[in-house]
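Chain by chain, the residues:
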There are 2 protein chains.
Amino acid sequence: MSHPNNGPNTYRGRYTQPVPTSNLTTEEDDFPEFQPFDEGADTEAAPRSYPSDAGSLSVQNVDMCQQVNKPKHFTTAYDIQNLVVRRGLEFIMRVTFSRPLTQEDDFQLEFLIGSNPSASKGTQVVVTFGSRAGGPWSGHILESTDATLTLGITPTADAVVGKFRTYVAIMVGGGMQRTKRDTSTDLYLLFNAWCPEDAVFLPNEAERREYVLNDSGVIYQGSVGAVSHRNWMYGQFERGILDACIYILDASRMPIYNRSNVIKVVRKGSAMLNSQDDNGVLVGNWSDDFSMGKPPTSWTGSAKILLQYVNTGVPVCYAQCWVFAGVFNTFLRCLGIPARVITNFSSAHDNTGNLKTDLIFKPDGTPDRRHTRDSIWNYHCWNEVFIVRPDLPPNLGGWQVVDSTPQETSDGHFRCGPASVAAIKEGLLCHPFDSGFVFAEVNSDVVFLKRDRYGTLSPYRVDKTHVGQAIYTKAVGSTAPADITHTYKYPEGSAEDNRTMSRAEEYGCERDHSELADTQLSVLISADQCSLGQDVNLLVDFQNQSEFPRVVHAHLAGSVVFYTGVTANHFKDEDFSVTVQPNQIERVILKVTAQEYMPQLGSQLCLHFIVTGQADDQSVSAIKVIDLQTSSLTMTVSGEPRLQQQMFVTVSFTNPFSFPLQNVNVAMEGPGLMSERTRYYSVIDPQTSFTWTEPFTPRLDGPRRLVAVLDCSKLRQVWGVADLIISP
Amino acid sequence: MSHPNNGPNTYRGRYTQPVPTSNLTTEEDDFPEFQPFDEGADTEAAPRSYPSDAGSLSVQNVDMCQQVNKPKHFTTAYDIQNLVVRRGLEFIMRVTFSRPLTQEDDFQLEFLIGSNPSASKGTQVVVTFGSRAGGPWSGHILESTDATLTLGITPTADAVVGKFRTYVAIMVGGGMQRTKRDTSTDLYLLFNAWCPEDAVFLPNEAERREYVLNDSGVIYQGSVGAVSHRNWMYGQFERGILDACIYILDASRMPIYNRSNVIKVVRKGSAMLNSQDDNGVLVGNWSDDFSMGKPPTSWTGSAKILLQYVNTGVPVCYAQCWVFAGVFNTFLRCLGIPARVITNFSSAHDNTGNLKTDLIFKPDGTPDRRHTRDSIWNYHCWNEVFIVRPDLPPNLGGWQVVDSTPQETSDGHFRCGPASVAAIKEGLLCHPFDSGFVFAEVNSDVVFLKRDRYGTLSPYRVDKTHVGQAIYTKAVGSTAPADITHTYKYPEGSAEDNRTMSRAEEYGCERDHSELADTQLSVLISADQCSLGQDVNLLVDFQNQSEFPRVVHAHLAGSVVFYTGVTANHFKDEDFSVTVQPNQIERVILKVTAQEYMPQLGSQLCLHFIVTGQADDQSVSAIKVIDLQTSSLTMTVSGEPRLQQQMFVTVSFTNPFSFPLQNVNVAMEGPGLMSERTRYYSVIDPQTSFTWTEPFTPRLDGPRRLVAVLDCSKLRQVWGVADLIISP
């Protein structure tokens, strides 16, 4: 943990008071139970308690009215004892006094958050119910029956978010008599997407239900033309998750009074979700060695990760981009911030915010991996949040990119955003935060450079369409993908696109303006989707647009790659020649057998082919990525799908390979249905099966999903899903 | 140190190559001496060395021509063996071959920086001298005499800054034969304020000499009306300092290829100068306990701090704002970036970027320190750099604020800027970096709030002029202060000022808009400057603008404060009453004796008085800060002031107090004259003296300054200065 203090007292003269940064672990007795109206003296010197007059007014009971408040605030699903409400919307409390109130009686509610609460910072709120002025939250007496008052309290729409302590204070002779601290009346206050005055207001109800209330989803992977999807159980309502999200803010030492500001909360979240800098939630690992933790592919959702982090205080091993994005999504939705997971196919990385991704080739046309620094990820996942941006000019609010995957070059600090999607579309890269970096991820040109024998580079091809080919997110109310590329970019080559690109250059993004010789030769690779263990057929089409026949000397290089585009194992090199007649296309079919790639796969499922060709003075190249499809788990559900009624789920799997699978872990979970259960099989022999049945009892109704995932070192990403609808 | 990797291999599939972040410690043999033209195979597989043909061309000598290059590049003052040049300007090299070159001979120069240098990232530069294409740096043969060529090389104006390795490569049969690595030909490349194409171009020569080349300066302190100054020896040319500045970038793990970008370099510098987050250079300490290091007041300049950091790799104890700013200024000027230290008098702090500084008072008018969270620093120091801002709209380049003092609330990360001063003046707070935060430091309103007995706050006075009263920096070519307030703000209350303030509000800065009752009563405190040990006379003027006489019940509170405005010791409370006639001013003179404040001083020299008054329903208050003046050291210089000629300096001091001074440290230095020397006196009795003489030998000519400082727990900030002009 990065602590701002370097010693016990080095900041003594720096702050008038310690900066409150801890919400959950505040001492219980921060307020004296009796506080005399001693206007002059320091209140610290006042006695901590004072005998109240016999016969005077006192508080008998405080009822947080959960049954009334929760449905109105859309917080019923939170599996927590305390009341959870959203700011900017009235909630009610019932206070029962020792006797009916008279005209002379005076009382107030007090809501406190963090240590050293302060009225001027919004961390100590006084709510009054008469003519006397109170704090910014308004209070009304809704009903008065005997000694019981029903009170309506409306937190401001810009209130601090987190866990408040609730007190009732009664004015007695010479002072205020407060109720004792009672943790059962603690109040969780969230951002409110339903409130037009809240910075996270989202006008559309279907979108609010998706982006705030949906606790499961899918994350897209693979590549354009072969999009696959992964289930992710966000589980933001599961037991302990809300406290875990507040714990993350506490662990970040974010001052309590900044937690009213959604821009600061999401930016801090993007820093804290990864372990770099700050011992945050998740440790990134892009190797094949996950022996010190769990493989990124083995998680079913966020809940287990967040609970492990809060219980151990130690970063959880391991994550890759979709894990960072999935857990970040849980954090955001749990706090009430509309959020979704985005997939950018062919995402430019590590190119220092420039609009060039340089791929370098040797004089003979083969990839020069030693000198190539930039990379293109097959896909990259980040999050968007829907918030207003009062810090920016008009029309740049709405969806904002936040990315918690640690990026080496994002200003050297491991966080990213919020960056306005509208600003990215317009090329307005002069606004915070990190918009230039995201712009490059979706807009970079790929520059193919040939390195001559003296070490000098010259460009021979620029591909302006490869990067950011498509940007997907889950559609509202379904598991289909929604293509939101148009929210990030104008159509390639349109007048608006040209305007955006030149504006981006004005704001310092470097682009390639190499003058290239006209090429009359081109090459394209295509292939069908392919399952793990099948042979791959590559269709390589050479097109000759000149008036002369061309003899192309070509080379196919095949390797297994990480989803980051980085080579894991190189397994194939093949030279071939082809003659292409004038204005003709010549197709070459290249077969890559399963025997060639299977031994090299490791845990990767992604094959990468480059064809380079030379004809006289012309060089051509094309790249094809193939994601191998895997088999899936079979899941069946039995029993009556009704709240609080026991049901059963059965997971089964048959090893389709000719080799045994060893050290196999299977995990299963379903938010509102069951928390994570796991099974371990030391070996599954070829063509043998297992069947695993678990009971569960639904806690939440409506459409629900169970997912299971199988994971072992030789086979990852084997999924099963069961959808069911639970009746109330 | 914050390492991005969490294990030896967890990033294997994340990067195509390790990201080069180390400039100084790169292995010596990164290039093979002989590299065959084997176009196809991986160059890694090539033999590392190859016998060259007898009789073939070879390199006999490489001369970096320091005597010619250094004066032209204004780098003569750097106390370093290697050539130091500025980018965008030609430097010359002389290469002597084994025989005169013929038409068939072909050679090139190669400049490399960091590990895994790459032509596409500007970290491997090939310079050619014929028709063959080279890298972006241009090369010309200026002269050819026998076997010796005089070559002119012009690095691009956006080249990477740091330490390059220099190679000469000759084409021999079948490959390139390189010179061996020779550290004496290593080349330091700096930013160039003299080059119009460089992002740090500064048009004015007098300003370049001040802001890039001046290695000493003064930093203003105290308060408006009682400005004092502190000498600071930047020492950017002293031995080891340039390597220390590059070491700081290495320690930050900043990728080498980002070091061409001055925005990234200064932002990284603002993060690395403090130890928070990243084990940077200096540990802040705002207490009175400096037992684990040196008191911030005891430093004479930056050199010792930087050398200690580079030698130990551990943050140096201790700093307060002027130390952070002084050392940061050295870092910036050393790398060639125009920079200056700024002092903002009455600087608003820790108010979360809002335009309100809330000071809370109790019902009886005395300060409520328990509930006051914000603070106003008597002064705060930061830096400005002069750079272009291609990332922002036009006219926002020029001076930019960068601040390395760790600020708890600046986005939770301990760095600040670059923030455009022009954008701050216009209220254009929608641009990076941290402009809203700096805007609040110079523009906040001070809101005086009264806390009623129920805990509710109500404002009773708003002071719109107190914060950012004046902004000073050292004038060009003199030690007088230049008031640059107008570069940050339009005149208070002008139409432009109103436009700026409303624009700032549009961008999310919260302002106070309380409707206050008209006040017809006001109070003002004034006082003369006062030396340590003298009595203080406070002149308190109450003004009654009503038509009725007013009886004011008033209170004086006196305390010793840190320069951050935080109370160290409270020593005086005095009630008094005064009757003020209609439309009159009534002056009350309050005497505070030295006996009252001296025992409470600790190591502070700053007294803080608040007068609060009540008359009927009106509340008034006024604040006065008094910086106590201290005595100084006497310094005399003897000997002939000539380069490389021994001279002597004598420092003397008499304890003016009636108590002994114990554990007294005296330090002295002068860039270009002597590195730091120190003396320790265990006790200096009342009215006794010491005299300390040191020899020194000037290394640099021109106007030079020696400073000495005396420091002990009872007396800090005792200075002496000797100015001298060294002839060549």
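Refer to the preceding data block for the structure.
From a predicted model like this one, the values you see are computed outputs, not experimental measurements. (Residues numbered from 1 in each chain as written. Chains lettered and ligands numbered in written order. Predicted model: local features only at pLDDT ≥ 70, side-chain atom pairs only at ≥ 80, totals over all residues. Heavy atoms only, no water.)

### Brief notes about the sheet that holds strand β37 (residues 689-696) of chain B
Residue and element names in this part refer to chain B.
Point 1. The 3 strands lie next to each other as β33-β34-β37, forming an open sheet whose pairing is antiparallel. The open sheet has two edge strands, β33 (634-638) and β37, and neither has a second partner. Strand-to-strand, the axes of this sheet are offset by a mean angle of 15°, without reference to chain direction.
Point 2. Alignment of β33 against strand β34 (residues 647-654), held across 5 bridges, turns out to be antiparallel. Paired with Thr634 across the bridge in β34 is Ser652. (Pairing = 2+ DSSP bridges. Helix = DSSP H or I, 4+ residues; strand = E, 2+ residues; numbered from the N terminus. Axes fitted to C-alpha atoms, helices over the stretch in contact; angles between N-to-C directions.)

### Thoughts on the side chain of B:Arg208
Point 1. By the secondary structure assignment, B:Arg208 is in helix α2 (residues 205-213).
Point 2. Aside from chain neighbours lying at most four places away, what touches B:Arg208 is B:Ala193, B:Trp194, B:Phe201, B:Leu202, B:Pro203 and B:Leu213. (Contact = heavy atoms within 4.5 Å.)

### Quick word on the packing of helix α4 (residues 262-272) of chain A against helix α6 (residues 321-334) of chain A
Residues and elements named next belong to chain A.
Point 1. It is the contact of α4 with α6, at a shortest axis distance of 11 Å, that shows an interaxial angle of 155°. Here α4 lies roughly antiparallel to α6, going by the angle between them. The two elements α4 and α6 meet at a crossing, and its hand is right-handed. Contact residues: α4 offers Val265, Val266, Gly269 and Ser270, while α6 offers Phe328, Phe331 and Leu332.
Point 2. Of the residues in the contact of α4 with α6, the class split is 5 nonpolar, 2 polar and no charged. (Parallel < 35°, antiparallel > 145°, perpendicular 65-115°, else oblique. Left-handed = near helix turned anticlockwise from the far one by under 90°. Nonpolar A, V, L, I, M, F, W, Y, C, P; charged D, E, K, R; others polar.)

### Things to note about the packing of aromatic side chains
Residues and elements named next belong to chain A.
Point 1. As enumerated under the stated definition, the model contains 58 aromatic pairs over all chains in all.
Point 2. For the ring pair Phe290 and Tyr318, a centre distance of 6.1 Å and an interplane angle of 50° mean the geometry is tilted. Here Phe290 is found in the loop between β14 (282-284) and α5 (303-312), whereas its partner Tyr318 is found in strand β15 (residues 316-319), with 28 residues between them in sequence. Taken individually, Phe290 and Tyr318 each receive the classification buried, so the pair is uniform in this respect.
Point 3. Arranged with centres 6.1 Å apart and planes meeting at 40°, the rings of Phe653 and Phe690 form a pair that is tilted. Separated by 37 residues along the polypeptide, Phe653 in strand β34 (residues 647-654) and Phe690 in strand β37 (residues 689-696) bring together distant segments of the chain. (Phe/Tyr/Trp six-rings, centres within 6.5 Å; stacked < 30°, edge-to-face > 60°. Buried < 20%, exposed > 50% of the residue type's maximum accessible area, 1.4 Å probe, protein only.)

### So, α4(A)
Point 1. Among the 11 residues in α4(A), 10 count as buried, and that is most of the element.
Point 2. Its side-chain oxygen 2.9 Å from the backbone nitrogen of A:Ile263, A:Asn261 forms the N-cap of α4(A). (Polar contact = N/O pair within 3.5 Å; in protein donor to acceptor, adjacent residues only side chain to side chain.)

### A closer look at the pairing of strand β32 (residues 618-629) of chain A
All names here are of chain A.
Point 1. Counting buried positions along β32 gives 9 out of 12 residues, so the element sits mostly inside the fold.
Point 2. The pairing of strand β26 (residues 530-531) with β32 spans 2 bridges and is parallel. If you follow Cys530 over to β32, its bridge partner there is Leu628.
Point 3. The pairing of strand β31 (residues 606-615) with β32 spans 10 bridges and is antiparallel. Looking across to β32, one finds that Gly613 is bridged to Val620.
Point 4. Hairpin remark: β31 followed by β32, antiparallel, with 2 residues in the connecting loop; positive phi at Asp616, about 55°.

### Focus: the environment of B:Thr128
All names here are of chain B.
Point 1. Checked against the element boundaries, Thr128 lands in strand β6 (residues 124-128).
Point 2. Given a relative accessible area of 10%, Thr128 falls into the buried group.
Point 3. Sequence separation between Thr128 and Ile153 is 25 residues, and the spatial gap between their C-alpha atoms is 9.4 Å.
Point 4. With residues near it in sequence (within four places) discarded, Thr128 still touches Gln108, Ala133, Gly134 and Gly139.
Point 5. At 2.9 Å, the side chain of Thr128 forms a polar contact with the backbone oxygen of Arg132.

### Considerations on α2(B)
All names here are of chain B.
Point 1. Within α2, the full set of buried residues consists of Arg208, Glu210, Tyr211, Val212 and Leu213.
Point 2. Close packing links the buried residues of α2 with β3 (83-86), α6 (321-334), β16 (339-349), β19 (398-402) and β23 (470-474).
Point 3. Structurally, the start of α2 carries an N-cap: the backbone nitrogen of Ala206 is 2.8 Å from a side-chain oxygen of Asn204.

### Considering the sheet that holds strand β19 (residues 398-402) of chain A
Residue and element names in this part refer to chain A.
Point 1. Judged by pairing direction, the sheet is antiparallel, and its 6 strands sit side by side in the order β20-β19-β18-β16-β23-β24 without closing on themselves. What marks the edges here is a single partner per strand, and that holds for β20 (419-420) and β24 (481-483).
Point 2. Taken together, the 10 bridges between strand β16 (residues 339-349) and strand β18 (residues 375-387) define a ladder with antiparallel strand orientation. When the sheet's bridge partners are listed, Ile342 is paired in β18 with Trp382.
Point 3. The sheet contacts of helix α8 (residues 435-443) involve β16, β18, β19, β20 and β23 (470-474), and relative to β16 the element is tilted by about 65°.

### Points about the state of the cysteines
What is meant by a disulfide is a covalent connection between two cysteines, made through their sulfur atoms.
Point 1. Tallied over the entire structure, the rule returns 0 disulfides over all chains.
Point 2. The structure places no disulfide on A:Cys334, whose sulfur is separated from the nearest cysteine sulfur, that of A:Cys245, by 3.8 Å. (Disulfide = S-S within 2.5 Å.)

### Topic: the pattern of salt bridges
If the charged atoms of two oppositely charged side chains come close together, the side chains can form a pair.
Point 1. One pass over the full model with this rule turns up 63 salt bridges over all chains.
Point 2. Linking B:Asp79 and B:Arg239 is a salt bridge whose minimum nitrogen-to-oxygen distance equals 3.1 Å. Taken together, the residues span a long stretch of sequence, with B:Asp79 in the loop between α1 (66-72) and β3 and B:Arg239 in the loop between β13 (226-233) and α3 (241-251) at a distance of 160 residues.
Point 3. Judged by its relative accessible area of 54%, B:Arg239 falls in the exposed class.
Point 4. For B:Arg511, the salt bridge is made with B:Asp445, and the minimal N-O distance between the two is 3.7 Å. In this pair, B:Arg511 sits in the loop between α10 (495-506) and β25 (521-526) while B:Asp445 sits in strand β21 (residues 445-451), placing the two residues 66 residues apart along the sequence. Both residues of the pair, B:Arg511 and B:Asp445, count as buried.
Point 5. Members of the salt-bridge network, linked through shared partners, are A:Asp79, A:Glu238, A:Arg239 and A:Arg699. (Salt bridge = Lys/Arg side-chain N within 4 Å of Asp/Glu carboxyl O.)

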